[in-house]
Amino acid sequence: MANTSEKEPLFSKKNIGLVKDPLTDNNPVTVQVLGICSALAITAELNASVIMALSVIFVLGVGNVVISLMRNVIPSSIRIIAQLVVVAALVIIVDLTLKAYVPDLAKKLSVFVGLIITNCIIMGRFEAFALGNTPWKSFLDGVGNAAGYGLILVIVGFFRELLGSGKLFGIPVLGDPVEKTGLYATGYENNGFMLLAPMALITLGLIIGFQRSRNKNLIETH
């Protein structure tokens, strides 16, 4: 007889799907429409987008594991409080790390790093997944959803900084707009509107539209 108690491989197709699905057709930002505020607020610079993405990956990945480990001992009546304590502790670690190593960027992200505590994606994964699954699956789910969130931040930040200031990570890549070198020599001008919050919403909307044009199943019918 086959051994029915054989353990599932760590990187089984199902487990890999926990990481891959949120990157595409189950993206928490473009499909579930969660975590929109930071996607609009901090994506004027690619550097800030990457730092925020890495911060959320750390908080959600580690947080999911902690909640999973505690799932059998957390009383149902205080589970939300327990989840908030866990995520707040992890956010404090992120905040202090940023202040120690990238103080200038930490000042720009200070308010938004704090708001990670109330990010719908994080609390949603704690409640919907980590409370009912093993630490390993919870870790993969956390990393996958956070990476899906971070991917959208990076894409939006890429286009906003490139088209808005002609830079990436603060480094000029299109030439010098004052000396009129590179692309600017052809008459190109930076689109300052890209650096304003409304263009973050428009850029995100274009990404959502593009994704739905490729997968008709994502189009809402009501």
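Conventions we followed
- Residues numbered from 1 in each chain as written.
- Predicted model: local features only at pLDDT ≥ 70, side-chain atom pairs only at ≥ 80, totals over all residues.
- Heavy atoms only, no water.
- Helix = DSSP H or I, 4+ residues; strand = E, 2+ residues; numbered from the N terminus.
- Contact = heavy atoms within 4.5 Å.
- Axes fitted to C-alpha atoms, helices over the stretch in contact; angles between N-to-C directions.
- Parallel < 35°, antiparallel > 145°, perpendicular 65-115°, else oblique.
- Left-handed = near helix turned anticlockwise from the far one by under 90°.
- Nonpolar A, V, L, I, M, F, W, Y, C, P; charged D, E, K, R; others polar.
- pLDDT = per-residue confidence, 0-100.
- Core = buried A, V, L, I, M, F, W, Y, C linked by side-chain atoms within 4.5 Å.
- Buried < 20%, exposed > 50% of the residue type's maximum accessible area, 1.4 Å probe, protein only.

A.B. asks: What exactly am I supposed to notice about the environment of Gly-148 here?
C.D. replies: Residue position: Gly-148 is located in helix 7 (residues 135-165). Taking the C-alpha atoms as reference, Gly-148 lies 24 Å from Lys-167; in sequence the two are 19 residues apart. When near neighbours in sequence (up to four residues on either side) are disregarded, Gly-148 contacts Pro-22, Leu-23, Asn-27 and Pro-28.

A.B. asks: Got a minute to help me understand the packing of helix 7 against helix 8 (residues 197-214) in this structure?
C.D. replies: Two packed helices can be described by the angle between their axes and the distance between those axes. The geometry of helix 7 relative to helix 8 is characterised by a closest axis approach of 10 Å and an angle of 120° between their N-to-C directions. In terms of axis orientation, helix 7 runs oblique to helix 8. Handedness of the helix 7/helix 8 crossing: right-handed. Along its contact with helix 7, which presents Ile-152, Ile-155, Val-156 and Arg-160, the element helix 8 presents Ala-197, Ala-200, Thr-203, Leu-204 and Ile-207. Considered class by class, the residues forming the contact of helix 7 with helix 8 number 7 nonpolar, 1 polar and 1 charged.

A.B. asks: Quick question: what am I supposed to make of the confidence of the model for the protein here?
C.D. replies: Considering every residue of the protein, the mean pLDDT works out to 87; 96% of them sit at 70 or more. Counted against residues more than four places away or in other chains, residues 1-5, with its pLDDT under 50, gives 0 contacts.

A.B. asks: Is there a simple way to think about the nonpolar core in this case?
C.D. replies: Side chains that are nonpolar tend, in soluble globular proteins, to be buried together. Membership of the largest hydrophobic core comes to 33 residues, with the highest contact counts inside it found for Met-52, Val-59, Leu-109, Val-113 and Ile-116. Secondary structure elements with two or more residues in this core: helix 3 (46-70), helix 4 (79-101), helix 5 (103-114), helix 6 (120-128), helix 7 and helix 8. With 7 residues, the single largest contributor to this core is helix 3. When neighbours within four sequence positions are excluded, Ile-116 is seen to be in contact with Met-52, Ser-55, Val-56, Val-59, Val-87, Val-91 and Ile-122. Core analysis: the next-biggest nonpolar cluster, separate from the first, contains 5 residues, Leu-46, Leu-162, Leu-174 and Tyr-184 among them.

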